[in-house]
There are 2 protein chains.
Amino acid sequence: MAKAPVLTPQAADFPRWYQDVVAKAELADNGPVRGTMVILPYGYAIWERMQAEVDARIKAAGARNCYFPLLIPESYLRKEAAHVEGFAPELAVVTHGGGKELEEPAVVRPTSETIINTYFSKWVQSYRDLPLLVNQWANVVRWELRPRLFLRTTEFLWQEGHTCHATYDEAKAYAERILWEVYARFMVDVLAIPVLPGRKTARERFPGAINTLTCEAMMRDGKALQMGTSHELGQNFARVFGTQYSSATGQLEYVWQTSWGVSTRMVGGLIMAHGDDAGLRLPPRLAPVQAVVLVVKADGGAPEAAAALARDLAGAGVRVELDDDVEVSFGRRAVDWELKGVPVRVEIGPRDLANGEVTLVRRDTGEKRTRPLGVVVSELPALLEDIQRDLLAGATQARDARITDVATLDEAVEAAASGFGRIPWSSVGTEGENRLREQGVTVRCLRMPDGTVPAEEDTVGSLALVARAY
Amino acid sequence: MAKAPVLTPQAADFPRWYQDVVAKAELADNGPVRGTMVILPYGYAIWERMQAEVDARIKAAGARNCYFPLLIPESYLRKEAAHVEGFAPELAVVTHGGGKELEEPAVVRPTSETIINTYFSKWVQSYRDLPLLVNQWANVVRWELRPRLFLRTTEFLWQEGHTCHATYDEAKAYAERILWEVYARFMVDVLAIPVLPGRKTARERFPGAINTLTCEAMMRDGKALQMGTSHELGQNFARVFGTQYSSATGQLEYVWQTSWGVSTRMVGGLIMAHGDDAGLRLPPRLAPVQAVVLVVKADGGAPEAAAALARDLAGAGVRVELDDDVEVSFGRRAVDWELKGVPVRVEIGPRDLANGEVTLVRRDTGEKRTRPLGVVVSELPALLEDIQRDLLAGATQARDARITDVATLDEAVEAAASGFGRIPWSSVGTEGENRLREQGVTVRCLRMPDGTVPAEEDTVGSLALVARAY
């Protein structure tokens, strides 16, 4: 897998830089069917780490994993009007199976509300069955006309949570719990991305939802990326699929539902939120490889010391890799680990080692420090936490520097040329939203001045964050 | 989710018993598209445990996870003659995407050799790139005319490993390593199923392989289940897709390949290898819940003692659940945990507790013992290991009692009525194999008398295991 030596600089051409990183850090490649994606081992290792962290938080929020079929009878999709209108243009349709034309075509799931409600309507009988909280890790297909690896692909991997509750308030509270406790916490604490949770406007809602909550992140080119969404579905699907429970007083009631998901798109967000001209910069809590021990030259006991150190670090719980491939030049290997964004390089060469020392290099800052070999195992965890904290602080500073408070739509469009504009929602409204869209700018979310989510779209005082978006 | 009180006894109707267990232990349900399956939370938890154990072993064998697209251009499937012949009748075909008819239809992957070789042919250039070892966890679709939950479903979940090697010998050795170190070890050590590894006959090979290795298990009705396969693909796909490397001497050579997989079918095998008339019996190393702490009655401090014990067991690394739902009768709950196959029940009632005691019940034997509350945490791990060992020993004994050495085809068919027949392969041959098939009996695998795998189909002295199979 031959590599060209450098990336296009971010300042020269950010989209090209992104493409270069994805290719040269060996994260993904295009699939043969338009818009599909091959996720390469290093890219997949990043996704596996995301899965593990999100899965643990979902389970802590009480949801249980399960699996629903890939293929959904076409008629199911048509049952909820807004839902089919939203998804019909993106569907992949199976018309033949087992050598025969199917009596009813099946769609490859674009999302699973319809098939899951078919089962919820059987499983939910009594208020004692509520809340019903399930999640699945799955692939979905939405035909994509302008594909971009990780960000917009015809097939992507995700988790989709689906829940039933007895009341509107409980469903609303659970959708918010997922937004804050699962998604925002994961993104801030693990991905070191200071996402802005908020509420989508009616026009940006999930098809079939009564409210969509979102985590919006700023990329290093000032554009926005929607990192995950949590929807209140109200009783829309419950009414169509007959998902009802008998209450404690014997009344038959429709359940209130939520659904919520994050996807491989987060890998794209991670790349663009932290990456620099040398490649990825992975936050240590997420990184599949937190530290690489590099043998500079195969002299003076360096290979043996490096192997022993790698073993000790692994024993101390660090995700570590040993690079003793001295047939490849040291410079080339160092550049490659930089490209891959490994938070810390421990370089072990014969000269330093003669003094009992090694060199620690931080990927985020490039800072090098010479340290005694004997203290690396005990010092590394704290160094990794420093990097984690500094990446979040850096991203937060960069984000805040690019958020401009504005008063008019024209100023909002101008602000969106290099970052986010923040404008009272009362100065925008549905008509202003349409005018912004004509300029390629969208309302990313509505937030209250204190950072909370407005209770309603028309809650007084709410602010719109507007931006160009991926 | 209302349940009828009992299962059909195994002796009365084994297939019906299987259906009952799958439904009443809440493992899976039928999907709306024929042959598809909904995996319910408890069934999925079993699958997640299998995934975790198999994934760790695959990584230890050096393969890295990645992900290839679900949709494969139809023309790719046609490139390898035996492959397309084997899979064409089972394909699901996407003809429309994004509201338009596709220029080339795409098939939903039935397996991924063809799409993966398209990338291998780009990735492999030099002998230094070998061996190339990848794996993916994915869903696949093979149209199924006689579906049965977990055992034969139109969509199933699996892992598929794909590797490239420089030589025939290396590929062969790796296919065998996966068979023995990953699959057989997992099945024996974790599932407690004493599988018989062997070699498939030419007629039972994977379409496109030059050799298929298999782990065959005996179910409690004497029938066989293929639990996993590991294939030597030779250079068949490499030639068709141009997967070549330049050797150390500069020669251009085709790679030698393997592929191998295990699927959600293993859940079916687990049910039928250990289950009894009261339901599942899960081996502790696999069980998502290893012990349940049951409050018999909400009196005399039982709920508090149970909660504290469950916490302590969790702290000691036991996968434990607390059942303090005293609104449901104790008997009903005990039956339910039996149905779900949880290896140990710890029953805490006020009467025992007054003496500082609790009751431990083994699911595998039904044996009850009264023990001091204070020793449960320290004694439970050994009890779980006893159960693990005894389940394997019991399954091995049952298996061996039902293997009959025979000399003729007629005797082989008779042996297959209640178990496996073992017959010299030289007494069967391809013609005998056809005659057995007419009686619904297949050659499950060929093995040497010492339990090793014959080097070739016609290796002198090899024995055929014949059986009826799922």
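Only a predicted model underlies this, so the values are computations on that prediction, with no experimental measurement involved.

Analysis parameters
Residues numbered from 1 in each chain as written. Chains lettered and ligands numbered in written order. Predicted model: local features only at pLDDT ≥ 70, side-chain atom pairs only at ≥ 80, totals over all residues. Heavy atoms only, no water. Helix = DSSP H or I, 4+ residues; strand = E, 2+ residues; numbered from the N terminus. Expected span 1.5 Å × (residues − 1). Buried < 20%, exposed > 50% of the residue type's maximum accessible area, 1.4 Å probe, protein only. Arc of directions from axis to C-beta. Contact = heavy atoms within 4.5 Å. 1 Å grid on protein atoms, 1.4 Å probe; cavity = no way out; pocket = protein on both sides within 12 Å on 5 of 7 lines; lining within 4 Å. Points joined across faces, edges and corners; volume = space filled by probe spheres on them. Nonpolar A, V, L, I, M, F, W, Y, C, P; charged D, E, K, R; others polar. Salt bridge = Lys/Arg side-chain N within 4 Å of Asp/Glu carboxyl O. pLDDT = per-residue confidence, 0-100. Least-squares fit on C-alpha atoms with pLDDT ≥ 70 in both.

Residue and element names in this part refer to chain A. Taking 1.5 Å of rise per residue, the 14 residues of helix 9 (residues 302-315) would be expected to cover 20 Å, and the 20 Å separating its terminal C-alpha atoms lies within 8% of that figure. Buried within helix 9 are the following residues: A302, A305, A306, L309, A310 and L313. Across the axial projection of helix 9, the buried residues extend over an arc of 135°, all falling on one side. Facing away from the buried surface of helix 9 by more than 90 degrees, the exposed residues are E304, R311 and G315. In the core, the buried residues of helix 9 are packed alongside strand 15 (291-295), strand 16 (320-323), strand 17 (344-348), helix 11 (350-354) and helix 12 (376-401).

Another point: empty space enclosed by the protein. All names here are of chain B. The final tally for this structure, using the stated rule, is 1 cavity of 30 Å³ or more. For the largest cavity, the calculated volume is near 30 Å³. Among the secondary structure elements, those contributing two or more residues to the lining of the largest cavity are strand 2 (37-39) and strand 8 (155-165). Per element, the largest residue contribution to the lining of the largest cavity is 3 residues, and it comes from strand 8. Residue classes in the lining of the largest cavity are distributed as 5 nonpolar, no polar and 1 charged.

Residue and element names in this part refer to chain B. This model, assessed by the stated rule, comprises 60 salt bridges over all chains. The partner of R363 in a salt bridge is D276, and the shortest N-O contact between them spans 2.7 Å. In this pair, R363 is assigned in the loop between strand 18 (357-362) and strand 19 (368-372) and D276 in the loop between helix 8 (265-274) and strand 15 (291-295), connecting sequence segments 87 residues apart. This pair shows no difference in class: R363 is buried, exactly as D276 is.

This brings us to the confidence of the model for chain A. Predicted confidence across chain A gives a mean pLDDT of 96, with 99% of residues reaching 70 or more. For this predicted complex, the interface confidence reaches an ipTM of 0.96, while the overall pTM sits at 0.97.

Our focus in this paragraph is the relation of the copies chain B and chain A. Overlaying chain B on chain A yields an RMSD of 0.0 Å, the required transformation being a rotation through 180° with an accompanying axial translation of 0.0 Å. Viewed as a symmetry operation, the transformation between the two copies matches a two-fold axis. In terms of proximity to the rotation axis, the leading residue of chain B is V94 of chain B, whose C-alpha is 2.1 Å off the axis. A share of 100% of interface residues in chain B that are also interface residues in chain A marks the association as one of identical surfaces.

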